[in-house]
Amino acid sequence: MAKRIDVTDLDIYYGAFKAVEGVTFSVEPRSVTALIGPSGCGKSTVLRTLNRMHEVIPGAYADGSVLLDGEDVYGSDVDPVNVRRTIGMVFQRPNPFPTMSIKDNVLAGLKLQSGRRPKSEMETVVERSLRGANLWDEVKDRLDRPGASLSGGQQQRLCIARAIAVEPQVLLMDEPCSALDPISTLAIEDLIEELKERYTIVIVTHNMQQAARVSDTTAFFNLAGVGKPGRLIEIAATQVMFSNPTQQATEDYISGRFG
Amino acid sequence: MSTTLEPPGTPAPPVPHPGIKGAAVRRGDRLFVGLSRGAGVLILVTMAAIAVFLIWKSIPGLQANTANFFTTAEWFPDQKPSVFGIAALTFGTLMTAGIAMLLAVPVGVGIALFIAHYASRRLASTLGFVTDLLAAVPSIIFGMWGIQYLTPHLVGLGQWLNDYLGFIPLFANEAGIYSRSILNAGIVLAIMILPTISAITREVFVQTPRAHIEAALALGATRWEMVRMAIFPFSRPGMISASMLGLGRALGETIAVALMLSATYDINIHITQPGGITFASNIALKWNEAGTIGLSALVASGLVLFVITLAVNMAARLVIARRAEFSGAN
Ligand SMILES: Nc1ncnc2c1ncn2[C@@H]1O[C@H](COP(=O)(O)OP(=O)(O)O)[C@@H](O)[C@H]1O
Ligand SMILES: [Mg+2]
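Residues numbered from 1 in each chain as written. Chains lettered and ligands numbered in written order. Predicted model: local features only at pLDDT ≥ 70, side-chain atom pairs only at ≥ 80, totals over all residues. Heavy atoms only, no water.

## Brief notes about the overall build of chain A
Part 1: Of the regular secondary structure elements, chain A holds ten helices and ten strands.
Part 2: Taking 259 residues into account, the globule formula puts the C-alpha radius of gyration at 18 Å, and chain A, at 18 Å, falls close to it.
Part 3: Overall, chain A is about 55 × 45 × 30 Å in size when its C-alpha atoms are taken along their principal axes.
Part 4: Of the contacts made within chain A by residues no fewer than 6 positions apart, 68% connect residues no fewer than 24 positions apart. (Helix = DSSP H or I, 4+ residues; strand = E, 2+ residues; numbered from the N terminus. Rg over C-alpha atoms; globule rule 2.2 N^0.38 Å. Contact = heavy atoms within 4.5 Å.)

Laid out in structure tokens, this is it:
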């Protein structure tokens, strides 16, 4: 079920502002790809273009091609709603639905896709997804409590459970740990390690150690200056990127010598 | 700037530390607490004063009344013996307000939703402006427009209801006269409370956090599914209070209803026929010609209206509080 992604010559705009320019890269199935780079270089923008979440911002659009196992995500006969059902997303700030219980949060996507299902099947999905997100043991006795009653780290894992409940083919994560404490961060990193056996994962992070720990491939983005579009500088296997980058800018950024 | 010129090593003169003991007197805080507490008390006192006035002034009438105040559908307080009761008022008020709510809530929410999340920015601001303008039209204008212009245009609706739904007594109209009916008054009320409902719901709709909207969209929700998943749950308390404000206005609306309805004092369940009367319009119509007991009787009916509106508001609050835990306010 995990699929590969091929991005070619992607230009991304917010209205008249070109935020990202000429991005080309590929993501292997069942791997973790980390997008790193300074703030404002377009990491989130690139990520959101992969599941067509970019265009929900008024005036925002993208040019270029994004292929999911060879199928054009931006094809004229493609419904963005279906793309988002296939490519799940986890946001920077945990955003469980506050009016829903823990259980209903997990089932939210599933109910959209297939309406009512037998209760037993629903319960199986809840347990499987929460176990998949390493949250089951902590919440199994209070599935009917509001999602907002959990700690930040638990909320983020609930969001991951919600995303994997619909068995997506790709999982996008935008700085999923940046609002979390170190222990919750470790819990999520462990989880990513497990999830990559089944999903293709693309993760944005501003934390170099995290990129080094969890990813197989690392992509470094940079921008020439304020108001200039961000570009992909270099992409390579993570060990290579961190030990032996080909670009000076990459080395400067990774070694913290970034100006 | 002498301090910056001191040679390094010279210890800075010790600043006396305030310590942690002692209750600090913060003037602004105390002023604010005092003001808000005072405002709260003032509102309670005003409410109590109104209630006391209503009760006090209604006692003579209620004592003189020889009929059951709640179940009688007649209004002859100044006769001997005095006979009056609010049954017709309760019926007419709840029916007109109910019809108004039935029409205005869905339409108002629909307009608000369209303005907040579907229309282009240009169209949205125009529409918002127009609905706000509607709220500024005085009710006497609505009343005149309703009786002169709208009533003739609603005959067709009344006939249609009679032809197709006439088997339901509510819509039957054997008389064939369709003016000055509870339905027409309800429709005018609906138009009057529409801007209140749509303006407030629009405000809460646009406050829905971006994070909730994106969470729904990223799960593959269509626009309408997103509205149901993220916007409606978040806005529920606001939608309820908007509706209650509208209901409050519909229950208390006086002059437009007085113009729209015939001044007969009866219960007519055929809502497309002439007839019906409400608390507020009855008071307005009868006040000037009422005697001592008549005035007291009208005040007593006002007391009931006061209690009904209070009850409606408290019920709304209960609904909101019941699921506060899930409200997203945390
Ligand atoms: N909603 C938006 N509207 C307009 N410009 C935006 C919006 N979001 C991001 N941008 C701009 O796009 C560029 C890339 O932003 P972003 O992708 O958020 O960077 P990163 O995630 O790498 O910090 C920045 O210049 C930012 O100001
Ligand atoms: Mg970002």
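## Description of the interface of chain B and chain A
Part 1: At the interface, 23 residues of chain B touch 25 residues of chain A.
Part 2: Summed over both partners, the interface of chain B with chain A comes to about 2,000 Å²; 65% of that surface belongs to carbon and sulfur atoms.
Part 3: Inspection of the chain B/chain A interface yields two salt bridges.
Part 4: Close ionic contact of Arg 48 of chain A with Glu 214 of chain B constitutes a salt bridge, the shortest N to O distance being 2.8 Å.
Part 5: In this structure, the connection of chain B to chain A is made through four residue pairs in polar contact (both at pLDDT 80 or more). (Buried area = accessible area lost by both parts, 1.4 Å probe. Salt bridge = Lys/Arg side-chain N within 4 Å of Asp/Glu carboxyl O. Polar contact = N/O pair within 3.5 Å; in protein donor to acceptor, adjacent residues only side chain to side chain.)

## With respect to the environment of Thr 71 of chain B
Part 1: Relative to the helices and strands, Thr 71 of chain B is located in the loop between helix 2 (27-64) and strand 1 (75-76).
Part 2: Among the residues examined, Thr 71 of chain B registers a relative accessible area of 58% and is labelled exposed. (Buried < 20%, exposed > 50% of the residue type's maximum accessible area, 1.4 Å probe, protein only.)

## Looking at the site of ligand 1
Residues and elements named next belong to chain A.
Part 1: Around ligand 1 sit Tyr 14, Phe 17, Ala 19, Ser 39, Gly 40, Cys 41, Gly 42, Lys 43, Ser 44, Thr 45 and Ile 57, and those are all the residues in its vicinity.
Part 2: Ser 44 is positioned such that a nitrogen or oxygen atom in its side chain is 2.6 Å from an oxygen atom of ligand 1.
Part 3: The contact in question runs from an oxygen atom of ligand 1 to an N or O atom on the side chain of Thr 45, over 2.4 Å.
Part 4: Within the complex, 62% of the 560 Å² of free accessible area of ligand 1 lies under protein.
Part 5: When contributions to the shell around ligand 1 are tallied by element, the ones reaching two or more residues are strand 2 (17-27) and helix 1 (43-50). (Near = heavy atom within 4 Å. Areas by Shrake-Rupley, 256 points an atom, 1.4 Å probe, with all protein chains shown as cover.)

## Thoughts on the pairing of strand 1 (residues 5-14) of chain A
Residues and elements named next belong to chain A.
Part 1: By the criterion of burial, strand 1 is predominantly enclosed, with seven of the ten residues buried.
Part 2: Pairing of strand 1 with strand 2, which is carried by seven bridges, proceeds in the antiparallel orientation. Residue Asp 6 lies in a different strand from strand 2, and its bridge partner there is Ser 26.
Part 3: Note: strand 1 against strand 4 (residues 60-68), eight bridges, orientation antiparallel. Within the sheet, the bridge partner assigned to Ile 12 lies in strand 4 and is Ala 62. (Pairing = 2+ DSSP bridges.)

## Details of the nonpolar core
Part 1: Counting residues in hydrophobic clusters, the biggest one holds 53 residues, and the most contacted among them are Ile 5 and Phe 97 of chain A together with Met 229 of chain B.
Part 2: Counting residues per element, this core draws most heavily on helix 9 (residues 223-252) of chain B, at six residues.
Part 3: For Met 229 of chain B, the residues in contact, after removing those within four places along its chain, are Phe 97, Met 100, Ala 108, Gly 109 and Leu 112 of chain A together with Ala 216, Leu 219 and Ala 221 of chain B.
Part 4: If you look at the next biggest cluster of nonpolar residues, it comprises 50 residues, including Trp 75, Ile 187, Leu 247 and Ala 297 of chain B. (Core = buried A, V, L, I, M, F, W, Y, C linked by side-chain atoms within 4.5 Å.)

## Concerning the packing of aromatic side chains
Part 1: Summed over the entire model, instances satisfying the criterion amount to ten aromatic pairs over all chains.
Part 2: Ring centres of Phe 69 of chain B and Phe 84 of chain B lie 6.0 Å apart, and the angle between their planes is 85°; this geometry places the pair in the edge-to-face category. Of this pair, Phe 69 of chain B sits in the loop between helix 2 and strand 1 while Phe 84 of chain B sits in strand 2 (residues 83-84), and the two are 15 residues apart along the sequence.
Part 3: The exposure class of Phe 69 of chain B is buried, given its relative accessible area of 12%.
Part 4: Overall, Phe 84 of chain B belongs to the buried group, its relative accessible area being 0%.
Part 5: Measuring from ring centre to ring centre gives 5.3 Å for Trp 160 of chain B and Tyr 164 of chain B, while their planes differ by 40°; the resulting arrangement is tilted. With Trp 160 of chain B and Tyr 164 of chain B both in helix 6 (residues 155-165) and four residues apart, this pair spans about one turn of that helix.
Part 6: In this structure an aromatic cluster arises from ring pairing among Phe 69, Phe 70, Trp 75, Phe 84 and Tyr 265 of chain B.
Part 7: Directly above the aromatic system of Phe 97 of chain A lies the positively charged group of Arg 162 of chain A, at a separation of 4.8 Å from the ring centroid.
Part 8: In this arrangement the basic side chain of Arg 223 of chain B is found over the ring face of Tyr 118 of chain B, its NZ or CZ atom lying 4.7 Å from the centre. (Phe/Tyr/Trp six-rings, centres within 6.5 Å; stacked < 30°, edge-to-face > 60°. Lys NZ or Arg CZ within 6 Å of the ring centre and 35° of its normal.)

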